[in-house]
Amino acid sequence: MQPQFVNDKHVSPLINPEMGVACLPIILVMAILLWTLNCPVNCCAAGPSEISPEQVSAGLHRAVAFYRTKVSSHGGYLWRYASEFTEREGELPASTTTVWVQPPGTPSVGLAYLSVYQLTDDDFYLDAVRETAFALVAGQLESGGWDYRIEFASPDREKYAYRVEMPVPNQGARNVTTLDDNTTQAALSFLMLADRALAFEESSIHESVKYALSSLLAAQYPNGAWPQRFISPPEREKFPVLPANYPEEWPRNYPKEDYRSYYTFNDNTMADMIELMFLAAAIYEDEQFSAAGKRAGDVILLSQLPEPQPGWAQQYNAQMHPAWARKFEPAAITGAESQRVMETLLRLFELTR
């Protein structure tokens, strides 16, 4: 299920069941309950409830206060925590000064806070949105996007080329923007929505968004695709615009090549980027972003392979051949990606009609 982004502040919450549930089930459940108790009679199937909106509001306030004061680290979040905080982890075990960007981490929690603010107009929740956004700003890389995680304590923090500490990062510091697993897309989507909720007046958040969007536009290939990860814009002459085609011989053995620059559909990378670009166009009223989303639609059409298997692969090399990524991701036509690509084409039809 894709997040439903809306312009009106007083609408049902921006809740995606796949995002944030592992970290904030209480907040999400309470937000849904609060919306149900406050919605018009004709939108509620249930009868009168013994739970009042005031009780839910008080419980929701306590839950958010708990997460902000007891769970959060520098305004950011992981995926899950042991009840006594003896263990904490994102995709991997983490320290008390590490937060996770990859959903259902920090951006997912921020969207939950934003949902509650939209329902309540209570600035307490807007402060939570701002605090979470600042955590992501602190983790933005000089390359423009985000890694899976953000480190806040030395010496781990010095291992990353964080933009707020530029222009002189440590030599060899990690500076890889990842579009894998909706990482940069989720962070930037939340920051854009937070920017709008804050009336575009928090300069650090607004500048972070502008920098990220500019970097993502520069990273788009001539054919409209994006890579799985990048450090800098591509050398465009190395990526000619070609239709997908079959290699003369399929690579049967794992070649151990660097696949990060390949045109990537795997893990919904292209679909997430298209949603992001159209969201940016709506929030900032700038057609260059919707144009980038349309160009990504063009590469979807280009990357459909010819008969006898007119489907899509997980990723393609610069010659537009299906290519290996990891050892368990061979060069092949794949059912899951083909289905998701067709869903994305339908979504593009909705966005552009």
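Note that this is a predicted model, so its numbers are computed, not measured. (Residues numbered from 1 in each chain as written. Predicted model: local features only at pLDDT ≥ 70, side-chain atom pairs only at ≥ 80, totals over all residues. Heavy atoms only, no water.)

## Regarding the layout of surface pockets
Part 1 of the argument: Estimated volume of the second largest pocket: approximately 330 Å³.
Part 2 of the argument: Around the second largest pocket sit 16 residues that line it, and Tyr-221, Arg-229, Phe-230, Ser-232 and Ser-261 are the ones nearest its centre. (1 Å grid on protein atoms, 1.4 Å probe; cavity = no way out; pocket = protein on both sides within 12 Å on 5 of 7 lines; lining within 4 Å. Points joined across faces, edges and corners; volume = space filled by probe spheres on them.)

## Side note on unusual backbone geometry
Part 1 of the argument: In the segment running from Ser-154 into Pro-155, the intervening peptide bond is cis, with an omega of 0°.
Part 2 of the argument: Along the chain, Pro-155 falls in the loop between β4 (149–151) and β5 (177–178).
Part 3 of the argument: Residue Pro-308 is reached from Glu-307 by a cis peptide bond, and omega for that bond is 15°.
Part 4 of the argument: For Pro-308, the position within the fold is in the loop between α8 (287–302) and β8 (315–316).
Part 5 of the argument: A positive phi angle is found at Asn-182, which is not glycine, with a value near 60°.
Part 6 of the argument: Mapping Asn-182 onto the fold places it in the loop between β5 and α5 (183–197).
Part 7 of the argument: Phi at Phe-200 takes a positive value of approximately 60°, unusual for a residue other than glycine.
Part 8 of the argument: Tracing the backbone shows Phe-200 in the loop between α5 and α6 (203–219). (Helix = DSSP H or I, 4+ residues; strand = E, 2+ residues; numbered from the N terminus.)

## With respect to the environment of Asn-245
Part 1 of the argument: By the secondary structure assignment, Asn-245 is in the loop between β6 (229–230) and β7 (263–264).
Part 2 of the argument: Owing to a relative accessible area of 25%, Asn-245 belongs among the partly exposed residues under this scheme.
Part 3 of the argument: Each C-alpha atom of the pair Asn-245 and Leu-302 lies 9.5 Å from the other, and the pair is 57 residues apart in sequence.
Part 4 of the argument: Apart from the residues within four sequence positions on either side, Asn-245 is in contact with Leu-305, Pro-306, Gln-319, Met-320, His-321 and Pro-322.
Part 5 of the argument: Looking at Asn-245, its side chain comes within polar contact range of the side chain of His-321, at 2.7 Å. (Buried < 20%, exposed > 50% of the residue type's maximum accessible area, 1.4 Å probe, protein only. Contact = heavy atoms within 4.5 Å. Polar contact = N/O pair within 3.5 Å; in protein donor to acceptor, adjacent residues only side chain to side chain.)

## Overview of the pattern of salt bridges
Part 1 of the argument: Summed over all chains, the structure comprises 16 salt bridges.
Part 2 of the argument: Residue Arg-149 is joined to Glu-151 by a salt bridge in which the shortest nitrogen-to-oxygen separation is 3.1 Å.
Part 3 of the argument: Judged by relative accessible area, which is 19%, Arg-149 ranks as buried.
Part 4 of the argument: By relative accessible area, which is 3% here, Glu-151 ends up buried.
Part 5 of the argument: Of the charged contacts, one joins Glu-350 and Arg-347 as a salt bridge, the two residues approaching to 3.3 Å between their closest N and O atoms. (Salt bridge = Lys/Arg side-chain N within 4 Å of Asp/Glu carboxyl O.)

## Some remarks on the packing of helix α3 (residues 106–120) against α5
The description of two packed helices rests on the angle between their axes and on the distance between the axes.
Part 1 of the argument: Where α3 contacts α5, the axes come no closer than 9 Å and their chain directions differ by 30°. Judged on the interaxial angle alone, α5 and α3 are roughly parallel. Considering the relative orientation of α3 and α5, their crossing is left-handed. Listed contacts from α5 to Pro-107, Gly-110, Leu-111 and Leu-114 of α3 are Ala-186, Ala-187, Phe-190, Leu-193 and Ala-197. (Axes fitted to C-alpha atoms, helices over the stretch in contact; angles between N-to-C directions. Parallel < 35°, antiparallel > 145°, perpendicular 65-115°, else oblique. Left-handed = near helix turned anticlockwise from the far one by under 90°.)

## Let's talk about the packing of α5 against α6
Part 1 of the argument: One way to put it is that α5 packs onto α6 with a least axis distance of 9 Å and a crossing angle of 140°. It follows from the interaxial angle that α5 and α6 lie oblique. Helix-helix and strand crossings are classified by hand; for α5 and α6 the assignment is left-handed. Of the residues in α6, those in contact with Thr-184, Leu-188, Leu-191, Met-192 and Asp-195 of α5 are Ile-205, His-206, Ser-208, Val-209, Ala-212, Leu-213 and Leu-216.
Part 2 of the argument: For the contact of α5 with α6, the class distribution of residues is 8 nonpolar, 3 polar and 1 charged. (Nonpolar A, V, L, I, M, F, W, Y, C, P; charged D, E, K, R; others polar.)

## Topic: the nonpolar core
Taken as a class, soluble globular proteins show a tendency for nonpolar side chains to be buried jointly.
Part 1 of the argument: Grouped together as the largest cluster of nonpolar side chains are 76 residues, with contacts concentrated most on Trp-146, Leu-188, Leu-191, Met-192, Leu-216, Trp-226 and Tyr-316.
Part 2 of the argument: When residues of this core are traced back to their parent elements, those giving at least two are α2 (53–71), α3, α4 (123–138), α5, α6, α7 (269–284), α8 and α9 (335–352).
Part 3 of the argument: If near-sequence neighbours (up to four positions away) are discounted, Leu-216 is found in contact with Leu-179, Thr-184, Leu-188, Trp-226, Phe-230, Met-273, Leu-276 and Met-277.
Part 4 of the argument: One finds Leu-78, Trp-79, Ala-94 and Tyr-148 within the second-largest nonpolar core, a separate group that totals 5 residues. (Core = buried A, V, L, I, M, F, W, Y, C linked by side-chain atoms within 4.5 Å.)

## Thoughts on the environment of Tyr-221
Part 1 of the argument: Within the element layout of this structure, Tyr-221 appears in the loop between α6 and β6.
Part 2 of the argument: Between the C-alpha atoms of Tyr-221 and Val-241, which are 20 residues apart in sequence, the distance is 8.8 Å.
Part 3 of the argument: Once residues within four sequence positions are removed from consideration, Tyr-221 is found in contact with Trp-226, Pro-227, Pro-234, Arg-236, Phe-239, Ser-261 and Tyr-263.

## Details of the packing of aromatic side chains
Part 1 of the argument: One pass over the full model with this rule turns up 13 aromatic pairs.
Part 2 of the argument: Of the aromatic side chains, those joined through ring pairs into one cluster are Phe-66, Tyr-67, Tyr-81 and Phe-85.
Part 3 of the argument: Taking the ring centre of Phe-124 as reference, the NZ or CZ of Arg-68 above it sits at 5.2 Å.
Part 4 of the argument: Between the NZ or CZ atom of Arg-163 and the centre of the ring of Tyr-211, over which it lies, the distance is 4.7 Å. (Phe/Tyr/Trp six-rings, centres within 6.5 Å; stacked < 30°, edge-to-face > 60°. Lys NZ or Arg CZ within 6 Å of the ring centre and 35° of its normal.)

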